[in-house]
Structures are given as C-alpha cells and as structure tokens.
Amino acid sequence: MNPYFALSAIFLLGLRGIEKKLALPCEPISLLTAEDKESGKVQLLPTSLEAATQRMMRPGSIAREPGMFGNDFVDHYGGTREHEVRLWNQAVTSWEVERYLELA
C-alpha cells in the first residue's frame, strides 16, 4: 500500500464526514469487544488484495465519489491491483514447490 494514498484516503474520508455531518457508525474502538467482531456489529476490512480491490472498484464505492479519488483513479489504480493479483495467482511459491515435489 502506498502510504500517500492511504493518508489521502483517511484525510478525504474525514472531510467527507464533516461536510456531510455524518455520525460515527459505532463506538470508539477501545470500547469494542471480540463479541462485537463475531456478531457482525463491526464491519471488517477485506483481508486480501483481491477482496479489497473488488470492494474499492464496485459501482457506488465511496472511492469513486468526485470528492474522493474519482472514477478515473479508481479504474486505473484498481486495474493495476487486479494485474498484481493475476500475477500472484499465476506464480508458484516456494511452499508449493516444496510441498508438492515431496509428494511426487
């Protein structure tokens, strides 16, 4: 993750919340429990590049809003992440070589 993009997103999301007078959707993180996570009270971030890219690129994504990154950036940057995922999925890792050569 590019730290400049991450900080830009955090800053822009904060401004978006102020401009739209949005209420925080949950309690402060320090008050949340493991049960909140398990019950679905807290929406978790994607745990893979592929899932995060799909979420960012979906129609209606906040990242696509004009005050955020916009469609052109999301399409271009998301395309580079999709390419990276394809390359990763095509690669043979050292674990796979060790694991499956021992079975041969």
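Each remark here, short or long, concerns the structure printed above.
No experiment lies behind these values; they were computed from the predicted model shown.

1. Some remarks on the overall build of the chain
Helix and strand content of the chain: five helices and zero strands. Going from N to C terminus, the chain has its helices and strands arranged as α-α-α-α-α. For 104 residues, the compact-globule estimate of 2.2 N^0.38 gives 13 Å, and the chain exceeds it by more than 25% at 18 Å. By principal-axis analysis of the C-alpha atoms, the chain measures approximately 60 × 40 × 25 Å.

2. Regarding the nonpolar core
By size, the foremost hydrophobic cluster in this structure holds five residues: Met56, Met57, Ala63, Val74 and Tyr77. When contributions to this core are tallied by element, the ones reaching two or more residues are helix H3 (49-57) and helix H4 (70-90). Aside from chain neighbours lying at most four places away, what touches valine 74 is Met56, Met57, Ala63, Arg64, Phe69 and Gly79.

3. Quick word on the packing of H3 against H4
One can describe the packing of H3 onto H4 by two numbers: an axis separation of 10 Å at closest approach and a directional angle of 160°. Viewed along their axes, H3 and H4 adopt a mutual orientation that is roughly antiparallel. Note on packing geometry: the crossing formed by H3 with H4 is left-handed. Contact residues: Leu49, Glu50, Thr53, Met56 and Met57 in H3; Val74, Asp75, Tyr77, Gly78, Gly79, Arg81, Glu82, Glu84 and Val85 in H4. Looking at the contact of H3 with H4, its residues break down into six nonpolar, three polar and five charged.

4. So, unusual backbone geometry
Of note, the phi angle at lysine 21 is positive, near 55°, even though the residue is not glycine. Tracing the backbone through its elements, the reader meets lysine 21 in the loop between helix H1 (3-19) and helix H2 (34-39).

5. Examining H1
Along an α-helix, residues three or four apart share an orientation, since each turn contains 3.6 residues. Under the 1.5 Å per step criterion, the end-to-end length of H1 is 24 Å for 17 residues, consistent within 8% with the ideal 24 Å. Put simply, asparagine 2 is the residue that caps the front of H1, since its side-chain oxygen is 2.8 Å from the backbone nitrogen of tyrosine 4. Of the residues one or two after H1, lysine 21 is the one with positive phi, at around 55°.

6. Quick word on the pattern of salt bridges
In total, this model carries three salt bridges according to the counting rule given. Linking arginine 16 and glutamate 65 is a salt bridge whose minimum nitrogen-to-oxygen distance equals 2.9 Å. Of this pair, arginine 16 sits in helix H1 while glutamate 65 sits in the loop between H3 and H4, and the two are 49 residues apart along the sequence. As a salt-bridge pair, arginine 64 and aspartate 75 come within 2.8 Å of each other at their nearest N and O atoms. Here arginine 64, found in the loop between H3 and H4, pairs with aspartate 75, found in helix H4; they are 11 residues apart in sequence, far enough to count as distant. Here aspartate 75 falls in the partly exposed class, since its relative accessible area comes to 39%.

Reading the values: rules and limits
- Residues numbered from 1 in each chain as written.
- Predicted model: local features only at pLDDT ≥ 70, side-chain atom pairs only at ≥ 80, totals over all residues.
- Heavy atoms only, no water.
- Helix = DSSP H or I, 4+ residues; strand = E, 2+ residues; numbered from the N terminus.
- Rg over C-alpha atoms; globule rule 2.2 N^0.38 Å.
- Core = buried A, V, L, I, M, F, W, Y, C linked by side-chain atoms within 4.5 Å.
- Buried < 20%, exposed > 50% of the residue type's maximum accessible area, 1.4 Å probe, protein only.
- Contact = heavy atoms within 4.5 Å.
- Axes fitted to C-alpha atoms, helices over the stretch in contact; angles between N-to-C directions.
- Parallel < 35°, antiparallel > 145°, perpendicular 65-115°, else oblique.
- Left-handed = near helix turned anticlockwise from the far one by under 90°.
- Nonpolar A, V, L, I, M, F, W, Y, C, P; charged D, E, K, R; others polar.
- Expected span 1.5 Å × (residues − 1).
- Polar contact = N/O pair within 3.5 Å; in protein donor to acceptor, adjacent residues only side chain to side chain.
- Salt bridge = Lys/Arg side-chain N within 4 Å of Asp/Glu carboxyl O.

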